[in-house]
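# Secondary and tertiary structure notes
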Amino acid sequence: MSLFLQRMIEGLSNGAMYGVVAVALVIIFKATTLINFAQGGLAMFGAYMANVFAIEQGLPLIVGILLGAAVMAVVASGIERVLVRPFDPANHLPVVLITFGIAYILQAVAAWKFGTEFKSFPSPFPSGPNDHIEIAGARLRYERLGVVLVLMIMVGLVHLILNKTKIGLAFRAVSSNTESAKLVGVKTGRTLNFGWALAAMFGGVAGGLVAHFTQLDSGFMDKILIFSFAAATLGGLDSINGAVIGGLIIGLVESPVQPMVRDYVPGFHFLTSDLALLVAFLLILAVLLVKPAGLFGTTRVERV
Amino acid sequence: MIKLQRPWILGLGAASLVALGLSIIHLLNKEKAGFWPFLAILAIAGLAGATLTAQRAGEPVLIVNEGSRAHRTWQTAGWGIFAFFVVATPYLLDSFRVQQVNKSMYFAVAVLGVNLIIGYSGLISLGHGAFMGVGAFLSVILVEDYGFKLWQTLFVIIPLAFVIGLIVGIPALRIKGLYLALVTFALSYAFPTLLKIEGIDKRTGGDLGRNISLDKQVQPGRLKGLLGLNGLDAPAQEQIYKYWLMALVTGISFLLVRNIIKSRAGRAVIAIKENQIGAAVSGVPLTTYKVITFGISAVFASVGGWLYALLFSEANPNTFGPLLAISLLLALVLGGVYTLQGALVGSLLYVFLDDLRTRVTLTSVAGWRPSFFQIAEGSPLTQAVLGLVLILIAFFAPGGVVFIARKVRASLIRVIPTIPTADVVASAAVDSPMSEPEVATTH
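Keep in mind it's a predicted model, so treat the numbers as computed, not measured.

Basis of the calculations
Residues numbered from 1 in each chain as written. Chains lettered and ligands numbered in written order. Predicted model: local features only at pLDDT ≥ 70, side-chain atom pairs only at ≥ 80, totals over all residues. Heavy atoms only, no water. Buried < 20%, exposed > 50% of the residue type's maximum accessible area, 1.4 Å probe, protein only. Helix = DSSP H or I, 4+ residues; strand = E, 2+ residues; numbered from the N terminus. Pairing = 2+ DSSP bridges. Core = buried A, V, L, I, M, F, W, Y, C linked by side-chain atoms within 4.5 Å. Phe/Tyr/Trp six-rings, centres within 6.5 Å; stacked < 30°, edge-to-face > 60°. Lys NZ or Arg CZ within 6 Å of the ring centre and 35° of its normal. Axes fitted to C-alpha atoms, helices over the stretch in contact; angles between N-to-C directions. Parallel < 35°, antiparallel > 145°, perpendicular 65-115°, else oblique. Left-handed = near helix turned anticlockwise from the far one by under 90°. Contact = heavy atoms within 4.5 Å. Nonpolar A, V, L, I, M, F, W, Y, C, P; charged D, E, K, R; others polar.

## What about the pairing of strand β2 (residues 138-141) of chain A?
Residues and elements named next belong to chain A. What you see with β2 is a clean split: A138 and L140 sit on the buried side and R139 and R141 on the side with no burial. With four bridges connecting them, strand β1 (residues 132-135) and β2 associate as antiparallel partners. Residue pairing for β2: I133 is matched across the bridge by L140. Two successive antiparallel strands, β1 and β2, enclose a turn made up of two residues, where A136 displays a positive phi of approximately 50°.

## Comments concerning the nonpolar core
Grouped together as the largest cluster of nonpolar side chains are 205 residues, with contacts concentrated most on F37 and F229 of chain A together with F185 and F320 of chain B. Looking at this core element by element, the count peaks at 15 residues for helix α4 (residues 95-120) of chain B. Core analysis: the second largest hydrophobic core is formed by eight residues, I9, V61, L62 and L412 of chain B among them.

## Quick word on unusual backbone geometry
Peptide bonds are mostly trans, and most non-glycine residues show a negative phi. Residue and element names in this part refer to chain B. In this structure, S313 takes a positive phi of about 55° despite not being glycine. In this structure, Y338 takes a positive phi of about 70° despite not being glycine. By the secondary structure assignment, Y338 is in the loop between α13 (322-335) and α14 (340-359). Under the relative-accessibility criterion, Y338 is labelled partly exposed at 35%.

## Overview of the packing of aromatic side chains
According to the stated counting rule, one finds 25 aromatic pairs over all chains in the structure shown. Aromatic pair Y106 of chain B and Y308 of chain B: ring centres 5.2 Å apart, planes at 90°, arrangement edge-to-face. Note that Y106 of chain B is positioned in helix α4 and Y308 of chain B in helix α12 (residues 286-312), a separation of 202 residues in sequence. Each member of the pair, Y106 of chain B as well as Y308 of chain B, carries the same accessibility label: buried. Taken together, a centroid distance of 5.2 Å and an interplanar angle of 85° make the contact between F185 of chain B and Y189 of chain B edge-to-face. Linking F185 of chain B with Y189 of chain B, this pair stays in helix α7 (residues 179-195), spanning four residues, or about one helical turn. In terms of burial, F185 of chain B and Y189 of chain B fall into one category: buried. Among the aromatic residues, those joined into a cluster by ring pairs are Y106, F107, F137, Y308, F312, F320 and Y350 of chain B. Cation over ring: K113 of chain A sits above W112 of chain A, and NZ or CZ is 5.2 Å from the ring centre.

## Focus on the packing of helix α3 (residues 61-84) of chain A against helix α4 (residues 92-114) of chain A
Residue and element names in this part refer to chain A. At their nearest, the axes of α3 and α4 sit 11 Å apart, and the two run at 135° to each other. With respect to each other, α3 and α4 are oriented oblique. Considering the relative orientation of α3 and α4, their crossing is right-handed. Residues I79, L83 and V84 of α3 pack against V95, I98 and I102 of α4. Among the residues forming the contact of α3 with α4, the class breakdown is six nonpolar, no polar and no charged.

Remember that the coordinates give geometry; whether it matters functionally is a separate question.
As structure tokens, then:
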């Protein structure tokens, strides 16, 4: 039982990281119905920037991660303005090419500038051998609990921004109906730019948190990105809360449920953690087959 | 009718084309670049100059009627030059370059499949690397463990790839939007891990992959003398023999795709891309056509994988991951989406570009050493070139190289199409999905 509780927390904290990246994907999808395949690359680069600020320049780690995320927000807003805005979002191919191009370039630059070997990365929370609380024999480590806390703060923050600020209102208007928003004078370009920056900031923070558990390398966000795709699909690609809950569900399936099935259900001994990617893929397939709008997404009516 | 004005422009264009071809062949065969890169640049400038002059004149240099004698002569000459290159390529280049051409051929067949989806159906797939993997692994496993001959494995691969394509396609293709891209991208990541599962890895070889053992590999057979292989060294013999096998399969694939596109179903699929609602109203069952097209495109990708196994006699799970899928996309857009030639041109360009980026450093191009640009050979930064190419294509050449070539040709030569006669119009109307009687009655 204590082991199960411990794995639950592990699963929840993994899920929280998927959730944060999934929220970043959802923010961009909501406004433009595009999927940003460069999200993983941006998050990866943000983590490297955090590494530069915190480890090499000696700033406090939390400041480093936030600075890294802020740098990526600026980069993403530049990318949106220069590379994405000239294209009609209804035409998917150019934007897919561009986001993959950016992902390639970011990975190449990171591997060139920061090296190809794995780098360890500290956690912003106490992560020593004794930094944990014990509940019913289960060791709940602070570094794990901290990630869940960050997720909650981030989601609260995005709701505050979207519901209480002017630009948030504009963003909601643009995502609900771009044409009408334009007609009433919302500057759609600037609003989408803000959306990209916000999404990249989320990705950057997630990158800084994930790096502690996986180590830094130019491809460390790839796997996370796939899980986040699954999370966003499960929750509904246009629902921020859905993305969070989807992320948590996937984290729980991956960490506590999968080992239990492996250990207690006969015939499933082949389930290993490497298989999680396959599970994520099958989950996306299943969701699209059964409930394409996801758990919390709005069902889009297509006039066909 | 034939009308030729200012023949020097056409001459300049033709001379530039010849110079470009010659310099490419020389650059491929020689390690030392010499003046050939400059000739290539000069040739491109010549082509651009001819195009611009013709465009400023506002009228093409050469105007012919479609189907006229002059037009047919030009066309025959064009096909003749193409046939000459097909036959001569393996004998002009050394065996390493022939292997690269072979590589472009298995790539081209897979890109044909991707083109069916991205170009002709307007959907985005990032999972065709996995379908190639299905073809490559099935051929290696069937040959090694079940005693198949390599050509016999096609009878298993083709139906199976079709079914897998349907399974992946059905959930995603019912909904509009980027969902297919999402599903297939996840597939690209999941596929290598699937092959490494305990149990399955006994067949696939896990991280190390599998080889076809030497005695079962494709060896130059009885046709040696006919193909002019006697007297060549072993690698050249092997590569040229494989060149001919692969060229045969590639040629058949191109013919098949051309016929699919021109068929009733092909035109229906294009109609879906152009206007989904209009196609549905005209009685095209959207999901059925999209899913079947996806299945067919998966088949072509798997045949590309089969050619991969033929060429390299091995298969490794890590080869068929997301990078391959994006390379296929890159090759497709380099050549030109929505064109048949694009698949071949783009694959050739991609394979040679990819080789160049790993072998050539910026400093070695002209001996000029700008310190800012010094990049060591094989540096990870060279991967950025591929990303840069993706972005540049999206901005400046959305139709790829084939589109640019067509623009150049259109500004130099205009072919006046013949007006279809009454019988042709009538038979086309009966054939089109819009006038199907059962569609008209069911609603």
